[in-house]
Amino acid sequence: MLTLNNVEVMYDKVILVLKGMSMQVPQGRIVALLGSNGAGKTTTLKAVSGLLKSENGQVTDGAIMFEGQSLVGKEAEEIVKSGIFQVMEGRRVFEHLSVEENLLAGAHTRKNRSSLKEEIERVYHFFPKLKMLRSRTAGYLSGGEQQMLAIGRGLMAAPRLMLLDEPSLGLAPRLVKEIFDIIKQINQEAGTTILVVEQNANVALSIADYGYIMENGRIVLEGEVEALKSNQDVQEFYLGMKEGGRRSFRDVKHYKRRKRWL
């Protein structure tokens, strides 16, 4: 469904952030893009969704294809209409609007608005808590409720591919599990393909079919989820596991990537 091939992204015509990024997102699957802060994960999503221009960034090389059509140079609104919706990091709901008004705002690019009532009920199916809060001002919701609203607002655009940027950010572990269980449910019941960016590798790999690990603007490792979970490097530096006990800060500070990661 989505293919990135040797993509380079530059900010301010000086700062090279993506340095030959290549990955694929097959239709109907959940793909996790993992990596530490600053690896280029969010930039990858913005390159796909057309949001680089607002930050003076641009794709300077490579190809981004969605269902056989190039996305490079397209406006963000046009990309949303083509079937891609990005749920931004930090939720970013319209704080002064009600929950239901936020949901309706997510459908503003749709030409056919006759089925909006059914679409809202579909969102409430996935997020029953939002139905109880439909008249509540969004700014008064908890962090978990706002994350549900942000994802629900994305569903109102009827996306075939949803890009989720750090959906676990700032949430308690119990809420993180609840949110990711719903993401899996959306994928299975609605058939929405999902690309999820996360620093929390444990929770992302718990729902994903395939994963990519990114460092310094490049993919350094990829594979089916079970293969990644059994990889020693992934276990130690992304899942927090190590033979013989905990790893110290000194171990992390002096971490040198194995040759296959270079």
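Above this text is the structure in question.
None of these values were measured; they are calculated from a predicted model. (Residues numbered from 1 in each chain as written. Predicted model: local features only at pLDDT ≥ 70, side-chain atom pairs only at ≥ 80, totals over all residues. Heavy atoms only, no water.)

S.K.: Would you mind showing me how to read unusual backbone geometry here?
M.R.: Both trends apply: most residues other than glycine have a negative phi, and most peptide bonds are in trans. With phi around 55 degrees, D12 is a residue other than glycine that occupies positive phi space. Of note, D12 is situated in the loop between β1 (2-11) and β2 (15-25). D12 sits in the partly exposed class, given a relative accessible area of 42%. Even without a glycine there, the phi angle at N216 is positive, about 50 degrees. (Helix = DSSP H or I, 4+ residues; strand = E, 2+ residues; numbered from the N terminus. Buried < 20%, exposed > 50% of the residue type's maximum accessible area, 1.4 Å probe, protein only.)

S.K.: When you look at the packing of helix α6 (residues 143-155) against helix α7 (residues 173-190) in this model, what are you seeing that I'm missing?
M.R.: Where α6 contacts α7, the two axes come as close as 10 Å, and the packing angle between them is 15 degrees. As the angle between them shows, α6 and α7 are arranged roughly parallel. Two packed elements cross with a definite hand, and for α6 against α7 that hand is right-handed. Touching G144, Q147, M148, I151 and L155 of α6 are L175, E178, I179, I183 and I186, all from α7. For the contact of α6 with α7, the residue count by class is seven nonpolar, two polar and one charged. (Axes fitted to C-alpha atoms, helices over the stretch in contact; angles between N-to-C directions. Parallel < 35°, antiparallel > 145°, perpendicular 65-115°, else oblique. Left-handed = near helix turned anticlockwise from the far one by under 90°. Contact = heavy atoms within 4.5 Å. Nonpolar A, V, L, I, M, F, W, Y, C, P; charged D, E, K, R; others polar.)

S.K.: Could you clarify how one ought to interpret the sheet that holds strand β4 (residues 57-66) in this entry?
M.R.: Strand-to-strand pairing in sheets goes through backbone hydrogen bonds, with the strands running parallel or antiparallel. Strand order in the open sheet formed by four strands is β2-β1-β4-β5, with antiparallel pairing between adjacent strands. Of all strands in the sheet, those with a lone pairing partner are β2 and β5 (69-70), marking the two edges. Looking at chain direction, β1 and β2 are connected through eight bridges and run antiparallel. Pairing of V7 across the sheet is with M21, part of β2. Packed onto the sheet, helix α1 (residues 41-49) meets β1, β2 and β4 and runs at close to 110 degrees relative to β1. (Pairing = 2+ DSSP bridges.)

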